[in-house]
Amino acid sequence: MSNSSSITHFLLLAFADRRELQLLHFWLFLGISLAALLGNGLIITTIACDHHLHNPMYFFLLNLSLLDLGSISTTVPKAMANSLWNARAISYAGCAAQVFLLIFFISAEYCLLTIMAYDRYVAICKPLHYGTLLGSRACVHMAAAAWGSGFLHALLHTANTFSLPLCQGNVLDQFFCEIPQILKLSCSHSYLRELGPVLVNVCLAFGCFVLIVVSYVQIFRAVLRILSEQGRHKAFSTCLPHLAVVSLFLSTAMFAHLKPSSISSPSLNVVVAVLYSVVPPAVNPLIYSLRNKDLKGALWKRLEYVLLHINNVPIILNGLPRYLRKRQD
């Protein structure tokens, strides 16, 4: 039997025993992380540089991309390093940091998705009050509230989880440090101490879920009353990407934490964890850019600008010696 004071590291779940499969997992995660970095990086750069996109919807989308980058950077690099070096260990402090950061980014993202649903509700159902209800100061306050809620939520869960005595070893059945897997290592009577944070988690999740559902019920009622087909299509084009992101996020996260233990297995746990922690950051930029003409147009302009400057680099470099000779003469 061991306790938390004697544990210096945890052993994460290995993806495979064969070296070929380990390298396959490494390259797969590398591709996903690069796609997430490129997609979210392009969205952040485009929104920051294009003044036409300086409005509440894109401000919240920029924050979502930042949270997605943080989320995927918390779990994937360590999993890639373990697959590449055929390792499993993560330090106790590293595990605590991973738990804190993952809960922080995911909780803040959930709160931000709720705010984005409210933004769409005001834009479609109360367009005349949009500038008043969602001014620049209000948007900053709402985004700060989402980040702050995520921080407090992560602090509560991390402090509570790592204060539990661990009696069942240090082997985790997951490729990153996940609270349900750490709780399996705790002494049986210690589960009661997690009841308070779980209730807080349920209340926060349920409250956000109700706000999202109510917002979209009102949105769809308003959209169906729009007589113009073009206006209806424009309203749906701004709402459907957000609804798709919310659905993917909620369905996978809820299944991961509410699935019955009878169907739980290491392989299923890994698949579900990948779906709620790795896939959304890579897929979200694609979902938003496909249906949003303004964002798609701004992204293409940004790419054309970058490619034009890349193509001009050889011309500039070729002309540089001639320019320097003229300066010397």
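It should be noted that the structure appears before, not after, this text.
Small disclaimer: the values here were computed from a predicted structure and weren't measured.

## With respect to the pattern of salt bridges
Counted according to the given criterion, the structure contains two salt bridges. Glu-20 is the salt-bridge partner of Arg-18, the closest N and O atoms lying 3.8 Å from each other. With relative accessibility at 53%, the residue Arg-18 sits in the exposed group. Glu-20 sits in the exposed class, given a relative accessible area of 53%. Put simply, Arg-120 and Asp-119 hold a salt bridge, and the shortest N to O gap is 3.0 Å. This pair shows no difference in class: Arg-120 is buried, exactly as Asp-119 is.

## A word on the packing of aromatic side chains
Applying the stated criterion across every chain yields a total of 13 aromatic pairs. Here the aromatic rings of Phe-10 and Tyr-92 are separated by 5.7 Å at their centres, their planes lie at 20 degrees, and the arrangement is stacked. Of this pair, Phe-10 sits in strand S1 (residues 9-11) while Tyr-92 sits in helix H3 (residues 92-125); the two residues are 82 residues apart in sequence, bridging distant segments of the chain. For Phe-10, a relative accessible area of 0% corresponds to the buried category. Judged by centre distance (5.7 Å) and plane angle (65 degrees), the ring pair of Phe-29 and Phe-175 falls under edge-to-face. With a gap of 146 residues between them, Phe-29 in helix H1 (residues 19-49) and Phe-175 in the loop between helix H5 (136-161) and helix H6 (179-183) connect regions that are remote in the sequence. Both residues of the pair, Phe-29 and Phe-175, count as buried. Taken together, the ring pairs connect Phe-100, Phe-104, Phe-105, Trp-147 and Phe-151 into an aromatic cluster.

Cut-offs and rules
Residues numbered from 1 in each chain as written. Predicted model: local features only at pLDDT ≥ 70, side-chain atom pairs only at ≥ 80, totals over all residues. Heavy atoms only, no water. Salt bridge = Lys/Arg side-chain N within 4 Å of Asp/Glu carboxyl O. Buried < 20%, exposed > 50% of the residue type's maximum accessible area, 1.4 Å probe, protein only. Phe/Tyr/Trp six-rings, centres within 6.5 Å; stacked < 30°, edge-to-face > 60°. Helix = DSSP H or I, 4+ residues; strand = E, 2+ residues; numbered from the N terminus.

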